[in-house]
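Architecture and fold: a report
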Amino acid sequence: MCLAIPGQVLTVDAAPEPWNRTGRVRFGTIEKSINLAYTPDAVVGDYVLVHVGFALQKIDEDEAMRVWDILREMEELQDLDPASELSREQPS
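Below you will find a few notes about this structure. Keep in mind it's a predicted model, so treat the numbers as computed, not measured.

1. A few points about the overall build of the protein
In terms of helices and strands, the protein carries 2 helices and 5 strands. Each helix and strand of the protein, placed in order from N terminus to C terminus, yields the pattern β-β-β-β-β-α-α. Counting all 92 residues of the protein, 34% fall into the buried class. Just so you have it, the protein exposes about 6,000 Å², and 51% of that area is on carbon and sulfur atoms.

This is the structure:
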């Protein structure tokens, strides 16, 4: 089974070739360098679905939060604390 995890783009690095485009993406409390070649329109603040180090597509924030909620319910987030960085802001 293939599982892509949503993350938020923190930085986008300049690359001379489009296939070398990378950036830092946050998954809960973990940040990773991710290849952004398949998402050329991704910018800082966007959410992307990532599988084996490649951002496959952009998604909106609501969809990213729904996926994190499902993973939390499945107890698949033992190594991450997504509530600390990707949680929805509570209305005051």
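2. Description of the pattern of salt bridges
One pass over the full model with this rule turns up 4 salt bridges. Of the charged contacts in the structure, one is a salt bridge between Asp46 and Lys58, with a shortest N-O distance of 3.4 Å. Of this pair, Asp46 sits in the loop between β3 (30-35) and β4 (47-51) while Lys58 sits in strand β5 (residues 54-59), and the two are 12 residues apart along the sequence. Given the relative accessible area of 35%, Lys58 is considered partly exposed. Residues participating in the shared-partner salt-bridge network are Asp41, Asp46 and Lys58.

3. Concerning unusual backbone geometry
Positive phi is not limited to glycine here, since Val52 has a value of about 40 degrees. A residue is classified by how much of its surface remains accessible, and Val52, at 66% relative accessible area, is exposed.

4. Details of the nonpolar core
If you look at the biggest cluster of nonpolar residues, it comprises 10 residues: Val9, Val25, Phe27, Ile34, Leu36, Ala42, Val48, Val50, Ala55 and Trp68. Elements that contribute at least two residues to this core include exactly β2 (22-27) and β4. Here Ile34 is in contact with Arg21, Thr22, Gly23, Val25, Phe27, Val50, Gly53, Phe54 and Ala55, once residues within four sequence places are set aside. Listed in part, the 6 residues of the second largest apolar core include Tyr47, Ile59, Ala64 and Met65.

5. Re the pairing of β5
Bridge analysis of β4 against β5 gives 5 bridges, and the strand direction is antiparallel. Counterpart to His51 in the pairing with β5 is Phe54. Counting the residues between successive antiparallel strands, the hairpin from β4 to β5 contains 2 residues, one of them, Val52, with a positive phi of roughly 40 degrees.

6. A few points about a nonpolar patch on the surface
A cluster of nonpolar side chains, namely Tyr38, Val52, Phe54 and Leu56, defines an oily patch on the protein surface of about 420 Å² accessible area. Within the secondary structure layout, Phe54 lies in strand β5. On the basis of relative accessible area, Phe54 is assigned to the partly exposed category, the value being 31%.

The rules behind each value
- Residues numbered from 1 in each chain as written.
- Predicted model: local features only at pLDDT ≥ 70, side-chain atom pairs only at ≥ 80, totals over all residues.
- Heavy atoms only, no water.
- Helix = DSSP H or I, 4+ residues; strand = E, 2+ residues; numbered from the N terminus.
- Buried < 20%, exposed > 50% of the residue type's maximum accessible area, 1.4 Å probe, protein only.
- Areas by Shrake-Rupley, 256 points an atom, 1.4 Å probe, with all protein chains shown as cover.
- Salt bridge = Lys/Arg side-chain N within 4 Å of Asp/Glu carboxyl O.
- Core = buried A, V, L, I, M, F, W, Y, C linked by side-chain atoms within 4.5 Å.
- Contact = heavy atoms within 4.5 Å.
- Pairing = 2+ DSSP bridges.
- Patch = residues over 30% accessible without salt bridge, like charges linked within 9 Å, V, L, I, M, F, W, Y side chains within 5 Å.

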